[in-house]
Amino acid sequence: MKLLMLSGDRDVAIGRKGPFHATLQGLAAEFERIDVLTPRTTDPSKATPHPGVFVESSPVSRIRQSAWLRRRGGELIHSQSHDLIVSHDYGIFSNGRAASHLSQTFDVPYVSEIHHVPGHPQRAQWWEPLAQLLCRIYVARVARHAVAIRVVNQHEMPLLLSRWGVVTERILVLPSVYIDRSVFQPATAVRKFSLGFVGRLVANKNLPYVADVFASVATHSPTAQFVVVGHGPERGAFRRRLLRLGILDRVTFVEWLNNTHEMATLYRSMDALLTPSLSEGGPRVCLEAMACGTPVFATRVGIMPDTIDHGTNGWLLPWSAAAGSSVVTDILKTPERLKSAGQAASISTVPFEKSNVLNTYATTYRQMATASSL
């Protein structure tokens, strides 16, 4: 069986061993050859991250990406006779448009992967309604040729696609977030921080909400300390808001950690993790914290409604920052509830163990490729 992937992930092409690197390793156990085409990097090149996995980055701009994918993808299918095409779809849908063309030209089935839609369920930036419209057009006009649309959560995306007219049988739910529970696991630690935030400092992370909750907790607990892990374009505005609220000096900023072990240690130093995102596919950080026994306060995005049993292993937040601040502040006053939720949170992450998720992903696509060749 052979697989062609039209990916938006550049990390493997430039040698980084992130989540996509591990995903390809899992797929390589089920496919004898995998060809991966990615967007342009600073140094277009070819890489072989695993035996039988060949990664090639585009030499052209984003606008010309779809045309290049059609040409290069066609050359690869002609020479390798792939059994399945998988496209990672977002933005202007260069991958999906090319995958649909290749699928119809060479009679090879394709799966469209849509992890999340910008602005859904809540808008963060002015342009997100336009992004939603583009996605809806793609789903109606292009992805109708796909054998399945793969989503990564059980409620948010299936409900949206159903409203857009996609029949249930064509919606394939396959989680993408996985964790290494040999690293992210409970351990005795000093809880230095009342709350922590982990993630890129960008608009969809809802950083004003984070600042307001921090301020509310600080008002009720004069000794409370906070930690923020991440960097991004909203860092300056976030710090200015914390300064206006009078708590900047109580927030520790960490831009980068060297490895997952350091990240796990930091999760264990928090009483709870705060993630009030407006739109997400995951978020992965919530599962990592939960696996470490650190409960999570999160909005109803991505896999959070699938994973959090409100009040048992974590808490689902309202969209109002004022209402969310009240919820968080009240819970933090009861250490016994935090401890109980942390214990339940760790147990609830068992289905997201890395080997389980990657094996399910790989074997599902192997079965689809096998069925197409019969």
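Scroll up for the structure.
Residues numbered from 1 in each chain as written. Predicted model: local features only at pLDDT ≥ 70, side-chain atom pairs only at ≥ 80, totals over all residues. Heavy atoms only, no water.

S.K.: Teacher, can you tell me more about the overall build of the protein chain here?
M.R.: Assigned secondary structure in the protein chain consists of 13 helices and 14 strands. Reported as C-alpha extents along the three principal axes, the dimensions of the protein chain are approximately 65 × 40 × 40 Å. Taken over 374 residues, the protein chain has a buried fraction of 55%. Counted over contacts in the protein chain with a minimum sequence separation of 6, partners at least 24 positions apart contribute 70%. Accessible area for the protein chain stands at about 16500 Å²; split by element, carbon and sulfur atoms hold 52% of it. Separation between the mean location of the 39 positive side-chain charges and that of the 29 negative ones in the protein chain comes to 5 Å. (Helix = DSSP H or I, 4+ residues; strand = E, 2+ residues; numbered from the N terminus. Buried < 20%, exposed > 50% of the residue type's maximum accessible area, 1.4 Å probe, protein only. Contact = heavy atoms within 4.5 Å. Areas by Shrake-Rupley, 256 points an atom, 1.4 Å probe, with all protein chains shown as cover. Lys, Arg positive; Asp, Glu negative; His and termini not counted. Charge placed at Lys NZ, Arg CZ, Asp CG, Glu CD.)

S.K.: What is the right way to read helix α13 (residues 354-373) from this model?
M.R.: Think of an α-helix as turning once every 3.6 residues; residues three or four places apart then point the same way. Taking 1.5 Å of rise per residue, the 20 residues of α13 would be expected to cover 28 Å, and the 29 Å separating its terminal C-alpha atoms lies within 8% of that figure. Against β1 (2-6), α1 (19-28), β5 (84-88), β6 (110-113), β7 (148-151) and β8 (171-173) lie the buried residues of α13. (Expected span 1.5 Å × (residues − 1).)

S.K.: Which parts of the structure should I look at to understand the pattern of salt bridges?
M.R.: Counted by the stated rule, this structure contains nine salt bridges. For E113, the salt bridge is made with R150, and the minimal N-O distance between the two is 3.1 Å. Taken together, the residues span a long stretch of sequence, with E113 in strand β6 and R150 in strand β7 at a distance of 37 residues. The exposure class assigned to E113 is buried, which follows from its relative accessible area of 2%. (Salt bridge = Lys/Arg side-chain N within 4 Å of Asp/Glu carboxyl O.)

S.K.: How do you make sense of the sheet that holds β7 when you look at a structure like this?
M.R.: Pairing between sheet strands relies on hydrogen bonds along the backbone, with the strands arranged either parallel or antiparallel. Strands sit in the order β3-β4-β2-β1-β5-β6-β7-β8 across an open sheet of eight strands; the sheet is mixed. Bordering the open sheet on either side are β3 (46-47) and β8, each of which pairs with just one other strand. Along the sheet face, helix α2 (residues 65-80) touches β1, β2 (33-38), β3, β4 (53-57) and β5 and points at about 165 degrees away from the line of β2. (Pairing = 2+ DSSP bridges. Axes fitted to C-alpha atoms, helices over the stretch in contact; angles between N-to-C directions.)

S.K.: Hey, could you run me through the side chain of N153 in this one?
M.R.: Inspection of the secondary structure assignment puts N153 in the loop between β7 and α5 (156-163). For N153, the side chain forms a polar contact with the main-chain nitrogen of E156, separated by 3.2 Å. Polar contacts involving the side chain of N153 include one to the main-chain amide nitrogen of M157, which spans 2.9 Å. Beyond its immediate chain neighbours, meaning those up to four positions away, N153 contacts H115, P158, V173, G281, G302, I303 and D306. (Polar contact = N/O pair within 3.5 Å; in protein donor to acceptor, adjacent residues only side chain to side chain.)

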